[in-house]
Each structure stands twice: as C-alpha cells, then as structure tokens.
Number of protein chains: 4
Amino acid sequence: MKEIVIKSLKDRGVKIKDIAKIAYDLQVPYNPDLTLDECIISVEKVFEKREVQYTILTGIALDKLTEDGVVEEPLSSIIETDEPLYGIDESLAMTIANIYGTIGITSFGYLDKNKVGIMEELDSSKDNVNTFLDDIVAGIASAASARLAHHHRNQEQADIS
Amino acid sequence: MKEIVIKSLKDRGVKIKDIAKIAYDLQVPYNPDLTLDECIISVEKVFEKREVQYTILTGIALDKLTEDGVVEEPLSSIIETDEPLYGIDESLAMTIANIYGTIGITSFGYLDKNKVGIMEELDSSKDNVNTFLDDIVAGIASAASARLAHHHRNQEQADIS
Amino acid sequence: MKEIVIKSLKDRGVKIKDIAKIAYDLQVPYNPDLTLDECIISVEKVFEKREVQYTILTGIALDKLTEDGVVEEPLSSIIETDEPLYGIDESLAMTIANIYGTIGITSFGYLDKNKVGIMEELDSSKDNVNTFLDDIVAGIASAASARLAHHHRNQEQADIS
Amino acid sequence: MKEIVIKSLKDRGVKIKDIAKIAYDLQVPYNPDLTLDECIISVEKVFEKREVQYTILTGIALDKLTEDGVVEEPLSSIIETDEPLYGIDESLAMTIANIYGTIGITSFGYLDKNKVGIMEELDSSKDNVNTFLDDIVAGIASAASARLAHHHRNQEQADIS
C-alpha cells in the first residue's frame, strides 16, 4: 500500500524529496545539525501509517475526479476554485499533520499561510486541480517535522542524563 | 445552498425527520419535555452552517462516485466495503458533530457503535454505497442534540436566577 | 517519566490492569483470541507517548487542585460537579484517544455514555474529584484498543497474502 | 459568566482591544474595508460561547496555580518553562480557534509561529507564567477572524445575487 501511495503522489508531480525539503525548513531552526536525509527518512515513516495512506488516496481521488468532470455541481466548482471557506481539504490534511501530536498542527497552519517549494508550484498550476494535494503535502511535511522534533528532544534529554 | 444539501440527502433516502428522531433519542433522557418538532428545528439550524453543507456534499459525492465505478482501486474497494480502519468517513462526520462543542463528539462515538433508525437501514442497504452517508447522519444528529443540550442548560440557568 | 505517570494514576486508585480490562471489552468482539495480557502490553505502549504522559499529569493535577480547594470560583464548582457542558475533560482525553487514529474517538464516545469497570467506581466516588480522571481512563483504554485493532488488521492481511 | 471571563483576562493584562488588533491583522488582507470596531464586536461574540468561557478559565487557572507554586513536579517545571513538546496549551486553545470552522485552526498555527502584539508581551514576561494565556489569546483572535471571514463571504455572495 505504501508503494501505491508514493506512486500516486509521483503521478501528481510530488516526490518524497519535495516534501522532505519543507520538513527540513520547518525543523532546522530548532536543530541546526539536521540533514535532508533524516527528513527523507522521516517522511518515509509518515507514509507507513495506514490513516495517512487512506487520507492521501482520498484527497488525490477528489482532485482527479473534479479534473475529470465527474463531480456534480455545486461541489465541482467549489473544489476547482479552492473556495476559501471550503475547509474539507484542510480538515483531511490536519488528520495527517496531527499523527505525532499538536505541534504538527501549528506547523500546518503556518504552511497554509506561507506556501513554499512544491506547495507553491501545485497552488499555481493551471493544468491540474490540486486543491487537496497542496494541503496533503503540508500535512505530511508537518507530521515529518513533528516526528523529528520528538526524536531531537529525546536525544537532548538522553544526553543530559 | 441549504436547499441543495437537503435535496441531496433526500435523493439518498434520508429525510430531516429521520435525523431528528435520532437527535430526539439522544437528548430526551436529559430533557423529558423535548418534542420531535424542536429536534426538527435543531437539525434545520445545523444545515445552515456552511462547513456542514460542504461536508455533506463531499461525503455524498464520494459514496456516489464509488457506486458509479469511477473511483480507482484500491480506494474503490476500501470505500465499498467500509474497511473498518478507513476512518475518513468518521473524520469528516466528526467535523459536523463538533460544531456545538465536545459533547457532539461523544454522542457521535456512541451512535457509531449503536446504529439506530435510518442509520441501520443505510448500513444494511445492498443497492447503495453509504459508507460516508451513515456517518454524516450520525454527525448531524449529534450536532443537533448538542445544540439542544446547550439551549436546555441555558433555560435551566435562567430559571434559577 | 513513564514511571511517574503510572504512579500518579495508582495514587488516584487506577491500575494498568483496570484500564486493560476496558480495552479488552472494547476489542474482544472483533478479535475473539485476544488476551488480557496483550491489552496490558498495549496500555503500556500508550503510556510511552510523551503527549499522553503530559495529558495525564495535567488532568490529575486539575482534579487534585480542585480537591485541595485552591482553584478559584466559578471554575472550582464547575469541575467539582462535573458540569455536563464543561467539555475540557473530554477534549483533553480525546487527544489521548486519538493517537492511533479516528477509531479511538468513537470508542471514547461509547465509553463516555457507558461507564464501565473502574470508570464507574471513579465516577461515583464521594471522596475524590475524578472529573478529569474518568475521561483519561476512557481515553487510554480507547487508544490501547485502537492500537490492537490496527495490529489485528495487519495480521489478517499478512495471513491472506 | 461572560463578564467574569473578560475580567479574568484583564487581571492577567489582556484587554479585548489587544485581541481585536490581532484579529484585524489576520483578516484585513482579505477585507480592506474592515474596521477595528468590527473586530471588537467579533471578539465579544466569541466570548459568548460557553465552551470558550470554560477553556479560558481553565487555562488561566493552570498559569496562576503554577505561578503560586501549588502544581507538583514535574508538571510545574514543564508549564513554567513552556516545554516545546507540552502541547496541552495549544490543544486547549485550538478548541477555541475551531468554533467557526477549520480556517480558525490555520490562523492559530500561523500566530503560534509569529507571535504579535500582546502575544509577544505575554511570551516575554518575566513576572508571570503565561504558557496557556498566549495560546488562548491566539485562539480567540483566530476564532474572531474566522467569524469575520464567514460574514464577509456571505456579504459578497449576497451582493452578487
């Protein structure tokens, strides 16, 4: 299942490294020794959670079905234009952001207002509907960053004792 | 928009009265004077919230698109069989249950384990995919019941003072 | 930290086995081969999560400080009488219930309406304020049960393939 | 109860106008005609919700009891130093941010990383423990801003039709 999910993202133009870069930017201020490779491993770990896999597949399906013109109105236009008060895309993505605790949610809120890297590309794409996908990317990056924060803190506390 | 949402539910076999009955059963132990008419008004109030409208339209769309065979595998089978760990249907419905505070969530959890009335019919339907719809009904009934709980408590406190 | 948390619960009358019994009752209908020992291990795993530890310590502190009479009015009376619309106790406990995904929340909602075992004892205690504690117990049992559900499902899928 | 809550905040150095200013900054990019008076009214509306009132009283109580030295270790030090992975302060405040839908949560996440106005003052205070209070202020401002966003959108749609 993990491989299917990674392929689904790749087919929509999102590579693991793109997400790892966002997680890196979120976490490096608190951990200057952090490497991109550690972020890639952390993103891979997030992909192993079943609830994450299901959420990614559902969000991408809604983007693609809207693109294919099979979603009825008025929902179709709401998703296509990313209506500011729609909120379902954020709700879904926050279930991913939340898997390593509350700090994932605050990172998610920050990314939602400051779209960076691949998120910016997805958001400005003219060819595809990425209403769910850009939030999903933010959710995965936020969870991966939260996971790194917990590990870093455990390391610090082990060093003290 | 509210009328579109009510019609969408009716087209899937769910009437306002069906949901109001579930809200009544949830709330009557705490308020013996409660009437079904008050529950119908409370359900109508829940339908006025934009976030609720969007959630209902999205959930029904996912059920129908799965029924129509346009959702790709493996997601299609996951939704069709209501895979126990899927969780997206409950997550979406809980955003409805939550609009009048936490007590809506506990009612939702209770209904999820004790499917009653129209929820039982939807759950056992052979002709339709109702994976999202039965949770949405539970979410609306829970929110309507939470709203009545808040009003009843306000009334009690006004009577004391 | 894990040991401090387990001791805090024990000092308030809650043993790991009491919580494991509730998790067992939640999960055994779906997995008839389940043993109480597996439930004890699952509860122990829940205790390892930092967010869970912090939530337990905070909830118990609020119960004890209310008991000690150092919480100001009107909050003191609200916590002492477990005012039905207070909701903070459930909100805190749901962050525990949620750590292994949405199904933990539905179990929590169910337990909140059907207090069993140690929860019933805590709820009817005359000597102690247990407003937060009974919800925390429900949250831990729900998370432990959700964890078992995920493992059981993984096992089933491994057996098929 | 609303008056008690407003007084509690004032006693801790937070005036309605301070919170309204943060809500204004969040919302004015989307609505250039917005006035500070409208933000003050919106903050007042947020204070009318019972769940909000209870959350504010609980958060302020935890700050004050920690200040007074009656909270046991290790929780006391965790709250006093605002341990980065504590998370209970954010969890509580997000129940406020969430009352007008998901967009409140993304604003909250943004404010949590970009402390402004009164939040910055609270965060850098040497004399008081404000671990819960600064998040509560962010939660109220986020909810007030989300409420304004919904009203503004309703107005736009009414103007079109």
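Residues numbered from 1 in each chain as written. Chains lettered and ligands numbered in written order. Predicted model: local features only at pLDDT ≥ 70, side-chain atom pairs only at ≥ 80, totals over all residues.

1. Some points on the overall build of chain A
Here is step 1 of the chain: Looking only at helices and strands, one finds nine helices and zero strands in chain A.
Here is step 2 of the chain: Sequence-ordered secondary structure for chain A, helices as α and strands as β, is α-α-α-α-α-α-α-α-α.
Here is step 3 of the chain: By the compact-globule yardstick of 15 Å for 161 residues, chain A fits well, its C-alpha radius of gyration being 16 Å.
Here is step 4 of the chain: In terms of overall dimensions, chain A has C-alpha extents of about 60 × 30 × 25 Å along its principal axes.
Here is step 5 of the chain: A sequence separation of at least 24 residues applies to 73% of the contacts in chain A between residues at least 6 apart. (Helix = DSSP H or I, 4+ residues; strand = E, 2+ residues; numbered from the N terminus. Rg over C-alpha atoms; globule rule 2.2 N^0.38 Å. Contact = placed C-beta atoms within 7 Å.)

2. Re the interface of chain B and chain D
How big an interface is tends to be stated in terms of accessible area lost as the parts join.
Here is step 1 of the chain: The interface is formed by four residues belonging to chain B together with four residues belonging to chain D.
Here is step 2 of the chain: Classifying every residue of the side of chain B that touches chain D by side-chain character gives no nonpolar, two polar and two charged. (Nonpolar A, V, L, I, M, F, W, Y, C, P; charged D, E, K, R; others polar.)

3. Looking at the interface of chain D and chain A
Here is step 1 of the chain: Taken together, the 19 residues of chain D in the interface contact 19 residues of chain A.
Here is step 2 of the chain: For the side of chain D that touches chain A, the elements supplying multiple residues, two or more each, are α6 (88-97), α7 (103-113) and α9 (131-160) of chain D.
Here is step 3 of the chain: Top element by residues in the side of chain D that touches chain A is α7 of chain D. It accounts for nine residues.

4. Focus on the relation of the copies chain D and chain A
Related by rotation about an axis and a shift along that axis, the two copies of the chain form a pair.
Here is step 1 of the chain: With an RMSD of 0.0 Å, the fit of chain D onto chain A corresponds to turning through 180° and sliding 0.0 Å along the axis. Given the turn and translation reported, the copies of this chain are related as if by a two-fold rotation axis. (Least-squares fit on C-alpha atoms with pLDDT ≥ 70 in both.)

5. So, the packing of helix α1 (residues 2-11) of chain C against helix α4 (residues 50-67) of chain C
All names here are of chain C.
Here is step 1 of the chain: Following both chains from N to C, one finds α1 and α4 inclined at 35°, their axes separated by 10 Å at the closest point. Remark: the crossing between α1 and α4 carries left-handed chirality. Between α1 and α4, the residues in contact are K2, V5, S8 and L9 and Q53, I56, L57 and I60, respectively.
Here is step 2 of the chain: By residue class, the composition of the contact of α1 with α4 is five nonpolar, two polar and one charged. (Axes fitted to C-alpha atoms, helices over the stretch in contact; angles between N-to-C directions. Left-handed = near helix turned anticlockwise from the far one by under 90°.)

6. So, the relation of the copies chain B and chain D
Here is step 1 of the chain: When chain B is fitted to chain D, the residual RMSD is 0.0 Å, and the transformation amounts to a turn of 180° plus an axial shift of 0.0 Å.
Here is step 2 of the chain: The overlap is high: 100% of the interface residues of chain B also sit at the interface in chain D, so the same surface is used on both sides.

7. Some thoughts on unusual backbone geometry
Here is step 1 of the chain: At the junction of E73 of chain A and P74 of chain A, the peptide bond is cis and its omega measures out at 0° in the coordinates.
Here is step 2 of the chain: Here P74 of chain A lies in the loop between α4 (50-67) and α5 (75-80).
Here is step 3 of the chain: Phi is positive for D82 of chain C, which is not a glycine, with a value near 50°.
Here is step 4 of the chain: Secondary-structure assignment places D82 of chain C in the loop between α5 (75-80) and α6 (88-97).

8. Some details on the environment of I105 of chain C
Here is step 1 of the chain: The residue I105 of chain C is located in helix α7 (residues 103-113) in this model.
Here is step 2 of the chain: Not counting chain neighbours up to four residues away, the residues in contact with I105 of chain C comprise M94, I105 and G109 of chain B together with M94, A97 and N98 of chain C.

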